[in-house]
Every structure is written in C-alpha cells, then in structure tokens.
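Residue strings, one per chain:
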Amino acid sequence: MEYVLFSGGFDSSAFLLECVFRKKVKVTPIVFIQKDLDGVLNTWLGRQNQNFEKLAREHIYNFVEKYGGEASKLLQPEILVDNLTLSEEIHNSGREAYNKGILRRPFKQVHYFYEFLKNKGIKANVLGTLNDTTTQEVIKYADKEGNVDETKVPNTLLFLTLFKVPYLHLTKQEIFDRAVKYGYSEALFYTWSCFFPSGGKPCGKCEMCQGRIIESRIKIKPSII
C-alpha cells in the first residue's frame, strides 16, 4: 500500500496515477481540507485554491474509474483530514526552523502532514521534483528513491522523517514522459497547481505556476470560486 498526500496538483496526481497504471499497487490519497492550512498561527491567510484542487482530484478519480479497468480497484477511498492541531514536538521544530531562517513561516502544511502521519503510524509520499525549491533541502537526507534517512534529519526538519519523496531526482518533463509511456498523460492536463487563482484562472506568478510545464484545462464555475 502506498499513501500519497494528494492535492490534485501535477506531481501528486502523476504519482497516484503511476501507482495504478504502472506499478499496479494499492494507493490511498490523503487530502487535507483544513481551510487555514499553511496559514494557521501565521498572518498569512493560506492558499486560496481549495475549490480548484477538489475539482482536479475529481477529474483524476474519474479518469482512473474510466480507463483503469481492473486496476481501478487499486485506488482506495480518500482520507479527508480537517481540524488537526499541532503537537508541542512539531510546533517546537517549526518555530526553531523559522528562528534559524530555514523556513519562511514557522508552521507550514508539511508540519500538519507530519502530525497526521505520526498519529496514524504511517509514512506517505510527498511530491516534489528535481528542480523545485522545496526539495533542495530534502536531497541532503534522501537516497535515489526518495527514502529519507531519519537518522540524518535535524530537529528543524523533523517533518521529513515520515516522508517519502519518490520524484526527488526526476524533472517534471521526465514524469510527464513516463505518463505518456504508460497511458495516463491526458489526466495530467486536468490537474491544478496555482496557489492564488484569480477569476477562475491561474495567477501565472506564484511558485507553483512558474513550475508548471503543461496547461491546466480545469474549468470552474464563477459561483464556486
């Protein structure tokens, strides 16, 4: 069984689809729906894209059901996470990382990921690719398969100890080429990567938009923006 922290973005969608269409292994998506995620305990309000991400996830699930055949049974029901409170352990880790200038905010979504995974006693796949700014620190502590060596991780990055980062040494283009080879590339056009959409469209300026290599064909009604 693989667990994937699933947003509906390019990377996490590619991994979920790869589990079904290429690896033929069971995969459980873990979805965080806490509205102030990545903003709680901070002045930042958090990401403004949850409706877009939900629509993207639905597209991925529908694609698996339509084209997966028997393999579609490998996709397990999603786990929804809300109202999660950080423990003192991870709270202190985040604060220390912020004070040392390692993180720009003391509490990010990765800290909530860690808290949930620790409570469940599992590790999960967190998606980031070779050239992402968010993965540069991870490379120091992970092998070529993206498995993190817990003994090397400092307390400031405690959250990494429960993560697997399978695309750590792949570019987005290599991930897309793999999707083409195994027949699930079309689904990746219906993923969402923008943090701050405006008027139903990607902002084109945020970090996630800058890393996008294919267009998003997600169409969202103004009434649910």
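This text goes with the structure placed above it.
Bear in mind the structure is a predicted one, so any value in this text is a computation, not a measurement.

Draft legend 1. Up close: the overall build of the protein. Along the backbone of the protein there are six helices and five strands. Reading the secondary structure of the protein in the N-to-C direction produces β-α-β-α-β-α-α-β-β-α-α. Residues counted as buried form 51% of the 225 residues belonging to the protein. Long-range contacts, defined here as pairs at least 24 residues apart, represent 73% of the contacts in the protein between residues at least 6 apart. In the structure as shown, the protein presents an accessible area of about 11,500 Å², 50% of it carried by carbon and sulfur atoms.

Draft legend 2. Representation of the side chain of Ser193. On the secondary structure map, Ser193 appears in the loop between α5 (172-182) and α6 (207-210). Here Arg212 takes part through its side chain, which lies 2.7 Å from a polar atom of the side chain of Ser193. Ignoring any residue separated from it by four or fewer positions in sequence, one finds Ser193 in contact with Gly9, Phe10, Met208, Cys209 and Arg212.

Draft legend 3. Structural context of the pairing of strand β1 (residues 2-5). Bridge analysis of β1 against strand β2 (residues 27-32) gives four bridges, and the strand direction is parallel. Bridging across to β2, Glu2 finds its partner in Val27. Handedness of the crossover joining β1 and β2 through helix α1 (residues 10-23): right-handed.

Draft legend 4. Looking closely at the pairing of β2. Of all six residues in β2, six are buried; the element is thus mostly enclosed. Sheet topology places β2 next to strand β3 (residues 79-81); three bridges connect them, and they run parallel. Along β3, the bridge assignment pairs Val31 with Leu80.

Draft legend 5. A look at the packing of aromatic side chains. Evaluation of the coordinates by the stated rule reveals eleven aromatic pairs. Pairing Phe6 with Tyr61 gives two aromatic rings, centres 5.7 Å apart and planes at 55°, and the pair type is tilted. With a gap of 55 residues between them, Phe6 in the loop between β1 and α1 and Tyr61 in helix α2 (residues 50-67) connect regions that are remote in the sequence. Residue classification places Phe6 among the buried residues on the basis of a relative accessible area of 2%. For the ring pair Phe32 and Phe116, a centre distance of 5.9 Å and an interplane angle of 80° mean the geometry is edge-to-face. Of this pair, Phe32 sits in strand β2 while Phe116 is found in helix α4 (residues 109-120), placing the two residues 84 residues apart along the sequence. As far as burial versus exposure is concerned, Phe32 and Phe116 are alike and both buried. One aromatic cluster is present, built from ring pairs that chain together Phe32, Phe113, Phe116, Phe159 and Phe163.

Draft legend 6. Inspection of the nonpolar core at higher detail. Membership of the largest hydrophobic core comes to 32 residues, with the highest contact counts inside it found for Leu5, Ile30, Phe32, Leu117, Phe159, Leu160 and Phe163. Counting residues per element, the ones that place at least two in this core are β2, α3 (88-99) and α4. Ranked by residue count, the leading element in this core is α4, at six residues. With near-sequence residues (within four places) excluded, Leu160 lies in contact with Val138, Tyr141, Val148 and Val153. Formed by 30 residues, the second largest nonpolar core is a distinct cluster that contains Cys19, Val31, Ile60 and Ile214.

Rules of the game
- Residues numbered from 1 in each chain as written.
- Predicted model: local features only at pLDDT ≥ 70, side-chain atom pairs only at ≥ 80, totals over all residues.
- Heavy atoms only, no water.
- Helix = DSSP H or I, 4+ residues; strand = E, 2+ residues; numbered from the N terminus.
- Buried < 20%, exposed > 50% of the residue type's maximum accessible area, 1.4 Å probe, protein only.
- Contact = heavy atoms within 4.5 Å.
- Areas by Shrake-Rupley, 256 points an atom, 1.4 Å probe, with all protein chains shown as cover.
- Polar contact = N/O pair within 3.5 Å; in protein donor to acceptor, adjacent residues only side chain to side chain.
- Pairing = 2+ DSSP bridges.
- Right-handed = clockwise from strand over helix to strand, strands pointing away.
- Phe/Tyr/Trp six-rings, centres within 6.5 Å; stacked < 30°, edge-to-face > 60°.
- Core = buried A, V, L, I, M, F, W, Y, C linked by side-chain atoms within 4.5 Å.

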